[in-house]
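Fold and contact review
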Amino acid sequence: VYLAPATTATEPGRAAFRDIYEQEFAYVWRTLRRLGVATGELEDAVHDVFVVVHRRFDDFDAARPSRPWLFGIAYRVASDRRRRATGVEIPARDDEVLAVADGGPSPEAHLAAAQARRRVHRALAELPIDQRAVIVMHDLEGHSAPEVAEALGVPLNTVYSRLRLARVKFVAAVRASGTHP
Amino acid sequence: MSERPADDLPGDVIALLSLERQASPPPEDARGRVAQRLGLTGAPLAPATSPPLPPWWRSAALGAAVLAIAGAAGAGTWFATRPPDVRVTAPVEQPRPAPAVPALPVPPERAPPERAPPARRPPRPARAETEVALLGRARQALADEDPRRALALLRLHERGWPDGELVQEREVLTIQALVRAGSSKAARARAARFLALFPGSTLADTVGQLMRQLERD
C-alpha cells in the first residue's frame, strides 16, 4: 500500500510515537525475552510490536499508563511466534543472561546472579505462555492484577486463578532447576 | 490476594525474581536497528520504494496513515511519514482482536496488460513467519508489479490470521492488488465490505476514495 507523503506528517504525532519507542524499547525487549522469544528473534519481535503499536496508536489514551497496553501487544506477538515456531524454544543465551550492568558486584556475585537469572528463565520456559505472562507482568514488572486483566483481555478472577496456578508451577520449576544446574 | 507483587512466593524465589529485575538493558545497537526499520531515524522520513501508481490512486492514498510493512529481511520501513494522532480525551479502547473478515471470493486475476507475469515459485509461508513479515512480502510483490503473487500471499495471511492485528492493512493491500490485477469488480466488492466492517478505520478514507474512483471508471 502506498505511503503517505512527508507533507502529511504531523510532527506532534510523529514525536509521540518516537517518544514511546525511545521510552519503552527496553520494556518491550525484556518483556518479549521473558515471554520466551528466542534471542535471535528479539529484534524482529520488537519491530513487530511497534508496528502494531503504530497501527493502533489511535486507540492509545496518553493519559493512561502505556505499559499494560504495550504488554498486551507484546503478549500477542510472542504468542503468535510461539504458535508458529516448529522447533524447541531457545532460552536466552548464556552470555545474555550473564550480562550485567557495569559497576556490579564481585565476580562471584556476578556469576551467582547470572545463574539465578538463568534459573528464572528456565522456570518461565516451563510454563504455558498465558501463565508465564501473568508471572512476568505481575510478579516481575509489578503491574496490578486489574492491569494484567486489561492487558491480556481476561476477567480479573481469571488473572487471580491463573497467577495462583502459575506460581505453583513456577516455584516447582525453580526448585527443579536448582537441583539440575 | 494482595496486589503486592510476588508476596505469595517463597523468599528464595522472590530473591531470584529480584535478580532478574536487574537484568542488563538491551543493546543500544539493537535499538538503533529497529528504529531504522521503523523509519524512526533521520528526518524527514523517506517513503519506501513503491511502484508507479496511477494518479487517481496516488491521490487516494494521500493523507492516509497507510503502511509500509517491512519485509522479513528488514527491507523498507513501517512507520513512514504520517504519524498517528494521539487521542487524549477519547475513551480508551484496549487492544483487541480484530473481527475476523469472512472470506470473499476473489476471481482469478488477469495478468496486467502488456506485461507477462514473471515466472516465480508459488508463495509459501516461511517457517515461523509473522503476519508483519508476510504482509511485507505481499507489499513487496506489489512493488515488483506482481499482483497475482501479492494476492496469493494475502490469501495466506487471510488463512493464517483471519482475525490478525493487521487485518485492515491486509484488506487494503488486497484491494490494491485486485485493482492492479484488473479485477475491478472484486476490488469494489472488497472495498465495500471494508467500509461496512471498519467504518471508523483510519484507512476508511483511503478505501472510500478508491471506491469512488472505481465507480467512476
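See the structure above.
These lines cover the structure that appears in this document, whether it is placed above or below.

Conventions adopted
Residues numbered from 1 in each chain as written. Chains lettered and ligands numbered in written order. Predicted model: local features only at pLDDT ≥ 70, side-chain atom pairs only at ≥ 80, totals over all residues. Heavy atoms only, no water. Helix = DSSP H or I, 4+ residues; strand = E, 2+ residues; numbered from the N terminus. Buried < 20%, exposed > 50% of the residue type's maximum accessible area, 1.4 Å probe, protein only. Contact = heavy atoms within 4.5 Å. Areas by Shrake-Rupley, 256 points an atom, 1.4 Å probe, with all protein chains shown as cover. Lys, Arg positive; Asp, Glu negative; His and termini not counted. Salt bridge = Lys/Arg side-chain N within 4 Å of Asp/Glu carboxyl O. Phe/Tyr/Trp six-rings, centres within 6.5 Å; stacked < 30°, edge-to-face > 60°.

1. Overview of the overall build of chain A
Each helix and strand counted, chain A has eight helices and zero strands in total. Mapped from its N terminus to its C terminus, chain A presents α and β elements in the order α-α-α-α-α-α-α-α. Among the 181 residues that make up chain A, the fraction classed as buried is 56%. A fraction of 68% describes how many contacts in chain A between residues 6 or more apart in sequence connect residues 24 or more apart. Total accessible area computed for chain A in this model is approximately 7400 Å², and 55% of it derives from carbon and sulfur atoms.

2. Looking at the side chain of B:Glu131
Within the fold, B:Glu131 resides in helix 4 (residues 131-143). Look at B:Glu131: it is buried, it has no salt bridge, and the nearest opposite charge is B:Arg170 at 6.6 Å. Excluding residues that lie within four positions of it along the chain, B:Glu131 makes contacts with A:Asp80, B:His157, B:Trp161, B:Gly164, B:Glu165 and B:Leu166.

3. A look at the packing of aromatic side chains
All names here are of chain B. Tallied over the entire structure, the rule returns nine aromatic pairs over all chains. Relative to phenylalanine 198, the ring of phenylalanine 194 has its centre 5.1 Å away and its plane inclined at 55°; by these criteria the two rings are tilted. Each member of the pair phenylalanine 194 and phenylalanine 198 is classed as buried.

4. Observations concerning the pattern of salt bridges
In this structure the tally under the stated criterion is 21 salt bridges over all chains. Of the charged contacts in the structure, one is a salt bridge between A:Glu150 and A:Arg64, with a shortest N-O distance of 3.0 Å. Remark: A:Arg64 occurs in the loop between helix 2 (42-55) and helix 3 (67-84) and A:Glu150 occurs in helix 7 (residues 145-152); sequence separation between them is 86 residues. The salt bridge involving A:Asp139 is made with A:Arg167; its shortest N-O contact spans 2.7 Å. Pair noted here: A:Asp139 is in helix 6 (residues 129-140) and A:Arg167 is in helix 8 (residues 156-179), with a separation of 28 residues, a long-range link. Just as A:Asp139 is buried, A:Arg167 falls in that class too. Members of the salt-bridge network, linked through shared partners, are A:Arg30, A:Arg33, A:Arg34, A:Glu141 and B:Glu20.

Shape descriptors only; they carry no functional weight alone.
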